[in-house]
Amino acid sequence: MEKNKPLKIILSGGGTGGHIYPAVAVAEALKRRLGEGVELLFVGAEGKMEMEKVPALGYRIVGLPIAGLQRRLEWRNLLVPFKVLRSIRKARQTIRDFGADVVVGFGGYASAPVLWAAQRMGVPTVIQEQNSYAGVTNKILAKRARRICTAYEGMERFFPAEKILLTGNPLRGNFSKTGADRSEALVYYGLSADLPVVLVVGGSLGTRSLNEMMKAWIVRTEGKAPVQVIWQTGKYYEREMREFLETHPAEHVWQGAFIDRMDYAYAAADVVVSRSGAGTVSELSLVAKPVIFVPSPNVAEDHQTKNAQALEAKGAALLVADNRCREEAMERALALAADKEALVQMSSNLEKLARPDAAERIVDEIIRVVGR
């Protein structure tokens, strides 16, 4: 390979932000490291969120006509084999036209055709697995991958041990324990330094279970509780939750569809109640913020539960099942917020799991695999 020739890298993953944003974080790290010496191309699935999100961030993307199997028996599943074959053909052509030196996959069915094609064309591949329980796509493609970058220990049960490197999950943005100033964060959310703060966050779209949990808790406490809450409802539930608060006024509650300043939200919070997707787990480890995880039961391989269990086993989180969160999660959050010794211990245990240089370490491996 010519030393002065730009390194051409395909990054693939999609369907959810959990696969897209780690890929973008690595793309940003590659641009920081190599500047004009790298050319990037994303590959995703037609009609999925990456086809809008990635171009909005300034990157080129090619969409494949790939689709995942529906969990229920549906006629659309009959079309999947044909879409796979068309996607593999398009992936081969894309790799050839772009002249890829390496293909990096971040999981999800969108990455399967391009990694599969690359491996059979002699193009080296790198896999990044975000969760503690490996996804189907990554397990299938691991055998021919040159390197597998993981976020959790013990992944030898899924992948060849000699190919694994524990890197952590790459994140966009700057998250750290010494992040935003807490007094500024409290002012930003209109909160007081006199009461503990619980952050309830359900993602950009929102989470029905956590919103119902908050509604039930406000009704039980009649809107009066010895704690303040930053409650992110998500855009799907914004109107419904605003209407609820109009009829059930609650003291010390900030509510909004989005959280624009996540650094302030983490800085203000004493305890977080959250889902346990890979990105969220990594963020909370970096900010070392004690957490009650309520894993989503509606994800592949139930990986959110396994992510939460991995942290719970290390004393770095508490876990409440989705079907129990209405009755238990806020009560456990308040009990944790009142236990200063437990807060310090959990924060310390989380900090030990943090890997702030994950994107840079994955870039190291990409460059090593290519032989630059």
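Summarised in this report is the structure supplied together with it. What you are looking at is a predicted structure, and each value in this text was computed from that prediction instead of being measured.

Focus on the overall build of the protein chain
Here comes step 1: If you tally the helices and strands in the protein chain, you get 14 helices and 13 strands.
Here comes step 2: At 22 Å, the protein chain has a C-alpha radius of gyration in line with the 21 Å of a compact globule built from 372 residues.
Here comes step 3: Seen along its three principal axes, the alpha-carbon backbone of the protein chain occupies a region of about 65 × 45 × 35 Å.
Here comes step 4: Counting the 372 residues in the protein chain, one finds 53% classified as buried.
Here comes step 5: In the protein chain, of all internal contacts separated by at least 6 residues, the share reaching a separation of at least 24 is 65%.
Here comes step 6: Counting only carbon and sulfur atoms, one obtains 51% of the accessible surface of the protein chain, whose full area is about 17200 Å².
Here comes step 7: In the protein chain, the 50 positive side-chain charges and the 42 negative ones have mean positions that sit 9 Å from each other.

Overview of helix 7 (residues 208-221)
Here comes step 1: Helix length check: helix 7, at 14 residues, gives a terminal C-alpha distance of 20 Å against a target of 20 Å (1.5 Å per residue), a fit within 8%.
Here comes step 2: Burial of helix 7 is extensive: 10 of the 14 residues sit out of reach of the surface.
Here comes step 3: Every buried residue of helix 7 is listed here: Ser209, Leu210, Asn211, Glu212, Met213, Met214, Lys215, Ala216, Trp217 and Ile218.
Here comes step 4: In the core, the buried residues of helix 7 are packed alongside strand 8 (197-201), strand 9 (228-232), helix 8 (238-247), strand 11 (271-274) and helix 12 (325-338).
Here comes step 5: Just beyond helix 7, the residue with positive phi is Glu222, at close to 55 degrees.

Considerations on the pattern of salt bridges
Here comes step 1: Applying the stated criterion across every chain, the model contains 24 salt bridges.
Here comes step 2: In this structure, Lys8 engages Glu39 in a salt bridge whose closest nitrogen and oxygen atoms are separated by 3.9 Å. Of this pair, Lys8 sits in strand 1 (residues 7-12) while Glu39 sits in strand 2 (residues 38-45), and the two are 31 residues apart along the sequence.
Here comes step 3: Assessed through its relative accessible area of 29%, Glu39 is described here as partly exposed.
Here comes step 4: Among the salt bridges present, the one from Glu212 reaches Arg208, with a minimum N-O distance of 2.8 Å. Separated by 4 residues within a single helix, Glu212 and Arg208 lie in helix 7, roughly one turn from each other.
Here comes step 5: What emerges from the salt-bridge pattern is a single network uniting Arg208, Glu212, Lys215, Glu240 and Arg326.

Side note on the environment of Ile148
Here comes step 1: Mapped onto the elements, Ile148 comes out in strand 6 (residues 147-150).
Here comes step 2: Overall, the relative accessible area of 0% leaves Ile148 in the buried class.
Here comes step 3: When the C-alpha positions of Ile148 and Ser192 are compared, they lie 46 Å apart, and in sequence the two are 44 residues distant.

Regarding the sheet that holds strand 13 (residues 318-319)
Here comes step 1: Strand order in the open sheet formed by 6 strands is 10-9-8-11-12-13, with parallel pairing between adjacent strands. For this open sheet the edge positions go to strand 10 (253-256) and strand 13, each flanked by a neighbour on one side alone.
Here comes step 2: As defined by bridge partners, strand 8 adjoins strand 9 across 5 bridges and the pair is classed as parallel. Of the residues in strand 9, the one forming a bridge with Val200 is Trp231.

Cut-off values and rules
Residues numbered from 1 in each chain as written. Predicted model: local features only at pLDDT ≥ 70, side-chain atom pairs only at ≥ 80, totals over all residues. Heavy atoms only, no water. Helix = DSSP H or I, 4+ residues; strand = E, 2+ residues; numbered from the N terminus. Rg over C-alpha atoms; globule rule 2.2 N^0.38 Å. Buried < 20%, exposed > 50% of the residue type's maximum accessible area, 1.4 Å probe, protein only. Contact = heavy atoms within 4.5 Å. Areas by Shrake-Rupley, 256 points an atom, 1.4 Å probe, with all protein chains shown as cover. Lys, Arg positive; Asp, Glu negative; His and termini not counted. Charge placed at Lys NZ, Arg CZ, Asp CG, Glu CD. Expected span 1.5 Å × (residues − 1). Salt bridge = Lys/Arg side-chain N within 4 Å of Asp/Glu carboxyl O. Pairing = 2+ DSSP bridges.

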